[in-house]
Amino acid sequence: GENVEQHPSTLSVQEGDSAVIKCTYSDSASNYFPWYKQELGKGPQLIIDIRSNVGEKKDQRIAVTLNKTAKHFSLHITETQPEDSAVYFCAAFGANAGKSTFGDGTTLTVKP
Amino acid sequence: ETGVTQTPRHLVMGMTNKKSLKCEQHLGHNAMYWYKQSAKKPLELMFVYSLEERVENNSVPSRFSPECPNSSHLFLHLHTLQPEDSALYLCASSQNRGQETQYFGPGTRLLVL
């Protein structure tokens, strides 16, 4: 089955700096890669996603890049703010949601 | 507010109790999911329903029994649970089953004593 590895498990940055979280996946059939942000006491919220026919996608301060050959994708947050502090999860989806696999999560702390 | 609600938000139960978790989505979606989120473990997909039909059951013990009476409601019936079943149970929905954005509810924090 699919295996998703996410690094780092914790990340602390100064406000205004950039943060990068990386995920690797094992199943070359996976072709949908969402990123979720989970704040304390809440469920995960989609922040950005990318499909395998696209190499990069950007939405304001957030961007995701995908390298299909190397089977890894990354989340980039620029100009971080304290409200970006949360747990971030990557996921890899196969042909149907029954093959969705999530990473272990990264706890991001943005220090003011 | 994602349009997916879950009740109760917190639940404490003994190993011999029977309880049910409820999820409701107001998004007109056709697919609904149950996930288990344990401390220091990745999200685990438990069940998938598409158009009220169960399409995935990822080797979940029979003490967890899902029910989807219509496309807007999803239940997870619990009986004779174990302490290791304590976790955050998340419900999600998407327009259709597959590679589509899933919208999560806030979860039910379950503690089994």
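Throughout this document, residue positions are counted from 1 along each chain, in the order its sequence is written. All chains are assigned letters beginning with A, and all ligands numbers beginning with 1, in the order in which they are written. Only residues with pLDDT of at least 70 are given local features in this predicted model, and only at 80 or more are side-chain atom pairs given and counted; all residues enter the totals for whole chains, interfaces and linings. Water and hydrogen atoms play no part in the side-chain values, which are based on all heavy atoms of the structure.

Student: Can you lay out the sheet that holds strand β7 (residues 64–70) of chain B for me, pointing to particular residues and giving the numbers?
Tutor: All names here are of chain B. If you trace the four strands from one edge of the open sheet to the other, you get β1-β3-β8-β7, paired in antiparallel fashion. Both edges of this open sheet fall to β1 (4–7) and β7, since each of them pairs with a single strand only. Strand-to-strand twist of the sheet, defined as the mean angle between neighbouring strand axes without regard to direction, takes the value 20 degrees. By the convention used here, strands pair only if DSSP detects at least 2 bridges between them. Counting from the N terminus, the helices are the DSSP runs of H or I reaching at least four residues and the strands are the DSSP runs of E reaching at least two. Relative to strand β8 (residues 73–79), strand β3 (residues 18–25) runs antiparallel, the two being bridged by seven bridges. Paired with K18 across the two strands is H79, which belongs to β8. Angles shown run from 0 to 180 degrees and are taken between the N-to-C directions of axes, each axis being a line fitted to C-alpha atoms and, for helices, limited to the stretch in contact.

Student: Pulling in residues and values, what's your account of the packing of aromatic side chains?
Tutor: Stacked, edge-to-face and tilted are the three classes for Phe, Tyr and Trp ring pairs, Trp counted by its six-membered ring, which pair at centre distances within 6.5 Å; planes under 30 degrees apart are stacked, over 60 edge-to-face, the rest tilted. Inspection of every chain in the model, using the stated rule, returns 13 aromatic pairs over all chains. Ring geometry for F33 of chain A and F73 of chain A: centres 4.8 Å apart, planes at 45 degrees, overall tilted. Taken together, the residues span a long stretch of sequence, with F33 of chain A in strand β4 (residues 32–38) and F73 of chain A in strand β8 (residues 72–77) at a distance of 40 residues. For the pair F33 of chain A and F73 of chain A, one class covers both residues: buried. Summarising the aromatic geometry, the rings of Y35 of chain B and F104 of chain B are spaced 5.3 Å apart at their centres and angled 45 degrees between planes, so their arrangement reads as tilted. Of this pair, Y35 of chain B sits in strand β4 (residues 31–37) while F104 of chain B is found in strand β10 (residues 103–104), placing the two residues 69 residues apart along the sequence. F104 of chain B matches Y35 of chain B in its accessibility class, with the two residues each being buried. The rings of Y32, Y36, F93 and F102 of chain A together with Y33, Y35 and F104 of chain B are connected pair by pair, giving a single aromatic cluster. For the exposure calls, accessible area comes from a 1.4 Å probe over protein chains only, and a residue counts as buried if that area is under 20% of its type's maximum, exposed if over 50%, partly exposed in between.

Student: Now, about the interface of chain B and chain A: what can you tell me, with residues and values included?
Tutor: Listed as interface residues are 21 residues of chain B and, on the opposing side, 23 residues of chain A. Buried area is calculated as the accessible area (1.4 Å probe) missing from two parts once they are joined, with the contributions of both summed. Summing both sides of the interface, chain B and chain A together bury roughly 1700 Å²; the carbon and sulfur share of this comes to 52%. If you sort the residues of chain B by the area they bury against chain A, L43, Q99 and F104 of chain B come out on top, with a joint share of 34%. Those elements giving two or more residues to the side of chain B that touches chain A turn out to be β4 and β9 (87–94) of chain B. The element that contributes the greatest number of residues to the side of chain B that touches chain A is β4 of chain B, accounting for three residues. For this analysis, residues touch if any pair of their heavy atoms sits within 4.5 Å.

Student: Could you give me a rundown of the pairing of strand β9 (residues 86–92) of chain A, with the residues and numbers involved?
Tutor: Residue and element names in this part refer to chain A. Burial analysis of β9 places six of its seven residues in the buried class, the great majority of the element. Summarising the sheet, β4 and β9 pair through four bridges and their orientation is antiparallel. Bridge assignment links K37 to a residue of β9, and that residue is Y88. Note that β9 and strand β11 (residues 106–111) share three bridges and pair antiparallel. Each bridged residue has a counterpart across the sheet, and for A86 the counterpart in β11 is L108.

Student: Please set out the pattern of salt bridges residue by residue, giving values where relevant.
Tutor: Residue and element names in this part refer to chain B. For salt bridges, the criterion is a side-chain nitrogen of Lys or Arg within 4 Å of an Asp or Glu carboxyl oxygen. Evaluation of the coordinates by the stated rule reveals six salt bridges over all chains. Across the pair E44 and K41 runs a salt bridge whose closest N-O atoms are separated by 3.7 Å. A residue is classified by how much of its surface remains accessible, and E44, at 30% relative accessible area, is partly exposed. Taking the shortest distance from any N to any O, the salt bridge between R63 and D85 comes out at 2.7 Å. In this pair, R63 sits in the loop between β6 (53–57) and β7 while D85 sits in the loop between β8 and β9, placing the two residues 22 residues apart along the sequence. The class of D85 is buried, set by a relative accessible area of 2%.

Student: Run through the state of the cysteines, naming residues and quoting values.
Tutor: When the sulfur atoms of two cysteines share a covalent bond, that bond is a disulfide. All names here are of chain A. Two cysteine sulfurs form a disulfide in these notes if their separation is within 2.5 Å. Overall, the coordinates contain two disulfides over all chains when judged by the stated rule. Residue pairing for C23: its cysteine sulfur links by disulfide to C90, the two sulfurs lying 1.9 Å apart. Across the S-S bond linking C23 and C90, the dihedral sits near -95 degrees, which makes this disulfide left-handed. Of this pair, C23 sits in strand β3 (residues 19–25) while C90 sits in strand β9, and the two are 67 residues apart along the sequence. Each member of the pair, C23 as well as C90, is classed as buried.

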